[in-house]
Amino acid sequence: MLEIIQDTIIDGIKLLPFLFITYVIMEYLEHKTANKTKEIIKKSGKLGPLWGAILGIFPQCGFSAAAANLYAGRLITLGTLIAIFLSTSDEMIPVLISENAPIGLILKILAIKLAIGIIAGFVIDFVMNKLHKKQNKENEATAQEEIGHMCEHEHCHCENEGVIKSSIKHTLNIFLFIIIITFILNTVIHFVGEENISNLIINVPIVGPLIAGLIGLIPNCAGSVLLTQLYLKQVITMGSMIGGLLVGSGIGILILFRVNEDLKDNLKIVTLLYVIGVISGILIDIIV
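What you are looking at is a predicted structure, and each value in this text was computed from that prediction instead of being measured. (Residues numbered from 1 in each chain as written. Predicted model: local features only at pLDDT ≥ 70, side-chain atom pairs only at ≥ 80, totals over all residues. Heavy atoms only, no water.)

Helix and strand content of the chain: 13 helices and 0 strands. Listing every helix and strand of the chain by position from the N terminus yields α-α-α-α-α-α-α-α-α-α-α-α-α. At a minimum sequence separation of 6, the contacts of the chain that also span at least 24 residues come to 81%. For the chain, the exposed area adds up to about 13,600 Å²; of that, 68% sits on carbon and sulfur atoms. (Helix = DSSP H or I, 4+ residues; strand = E, 2+ residues; numbered from the N terminus. Contact = heavy atoms within 4.5 Å. Areas by Shrake-Rupley, 256 points an atom, 1.4 Å probe, with all protein chains shown as cover.)

In structure tokens form, the structure reads like this:
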């Protein structure tokens, strides 16, 4: 057990510089582009799913929360919201970068999430229009776009926080998650055996994406960190990882339930995300 703890801490410390540098870049870009991003989404119209998915793949803190607020105010369509949630990469990119994952792998995962987000978003808007359930654009209720009050969540920062301070906070939070998750994984692998765990998940068709989808529903960064680590340790397949990451949307779902009063609508969105994620994961495993 002492060896497991030692290895976990050493591996975690090695990741710190990569995590910090990644978050400094991310925070700088977000501080410069956050308002422009929301304006693009609001004015995107029928191309909402396209722009939503494209902007969603960039790991911007609070973007999924902003999208939930815009949807609650009916300033974006259901398809646009789903596209954003599906493409949102949350903490996947920082974890992959810190683990020295090949750039080709990172781009491949982002491309898959982008494509699925765009396709799903346009299909959903098309179906909603055909069923005469298009979002009521005459509702000009102002969405609560400012997300500063959500700062109590570890995944969102106040606008008055600087790039460095916010980067340090995010780095330490994710570092703690990685340490905890890595320790649990290392302990389980040590006592159960990596091959036995892999056989339980990888070699059972459909089960992997189903379980990964449930993990993706965790409304914070823990889900994406866990799924990415499981994939890097070859415990789950790429299909399972991507399926779970598609379902996960950071704190977006949490904010949606807080600001959107229509509970049935919220449950419908969660169901759509889960079904799309699981089906996509299964198809990816079959193709790959």
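The structure having been displayed, the exposition proceeds.
The next point concerns the confidence of the model for the chain. A residue-level look at the chain finds 72% of positions with pLDDT of 70 or above and a mean pLDDT of 77. For the chain, per-element mean pLDDT is lowest for helix α8 (residues 194–201), which scores 60, and highest for helix α13 (residues 263–287), which scores 94. Every residue in residues 134–158 scores below 50 in pLDDT, and together they form 64 contacts with partners more than four places removed in sequence or on other chains. (pLDDT = per-residue confidence, 0-100.)

Structural remark: α-helix, 3.6 residues per turn; residues separated by three or four positions point the same way. Taken across its 10 residues, helix α4 (residues 78–87) has 10 buried, putting it largely inside the fold. Taken together, the buried positions of α4 are Leu-78, Gly-79, Thr-80, Leu-81, Ile-82, Ala-83, Ile-84, Phe-85, Leu-86 and Ser-87. (Buried < 20%, exposed > 50% of the residue type's maximum accessible area, 1.4 Å probe, protein only.)

Right, let's get into the nonpolar core. One finds Leu-81, Ile-82, Leu-86 and Ile-269 to be the most contacted residues of the largest nonpolar core, which totals 48 residues. Excluding residues within four positions of it along the chain, Ile-82 makes contact with Ile-124, Ile-269, Leu-272, Leu-273 and Ile-276. Within the second largest apolar cluster, 5 residues are counted, among which are Val-95, Ile-174, Ile-181 and Val-225. (Core = buried A, V, L, I, M, F, W, Y, C linked by side-chain atoms within 4.5 Å.)

Along the chain, the position of Thr-77 falls in the loop between α3 (63–72) and α4. Polar contacts involving the side chain of Thr-77 include one to the side chain of Asp-125, which spans 2.8 Å. (Polar contact = N/O pair within 3.5 Å; in protein donor to acceptor, adjacent residues only side chain to side chain.)

Pairs can form between side chains of opposite charge whenever their charged atoms are close. This model, assessed by the stated rule, comprises 2 salt bridges. The shortest N-O distance in the salt bridge between Asp-265 and Arg-74 comes to 3.5 Å. With a gap of 191 residues between them, Asp-265 in helix α13 and Arg-74 in the loop between α3 and α4 connect regions that are remote in the sequence. Asp-265 sits in the buried class, given a relative accessible area of 7%. A salt bridge links Asp-265 to Lys-268; the shortest N-O distance between them is 3.3 Å. Remark: Lys-268 and Asp-265 occur in helix α13; sequence separation between them is 3 residues, near one turn of the helix. The exposure class of Lys-268 is partly exposed, given its relative accessible area of 33%. (Salt bridge = Lys/Arg side-chain N within 4 Å of Asp/Glu carboxyl O.)

Among the surface-exposed residues, Val-275, Ile-279, Leu-283, Ile-286, Ile-287 and Val-288 lie close enough to one another that they form a single nonpolar patch of about 630 Å² accessible area. With respect to the helices and strands, Leu-283 occurs in helix α13. (Patch = residues over 30% accessible without salt bridge, like charges linked within 9 Å, V, L, I, M, F, W, Y side chains within 5 Å.)

Now for unusual backbone geometry. Backbone geometry places Asn-100, a non-glycine residue, at a positive phi of 60°. Mapped onto the fold, Asn-100 is located in the loop between α5 (92–98) and α6 (103–130). By relative accessible area, Asn-100 is classed as exposed at 55%. The backbone of Gln-234 sits at a positive phi, close to 60°, despite the residue not being glycine. Along the chain, Gln-234 turns up in the loop between α10 (222–232) and α11 (238–247).

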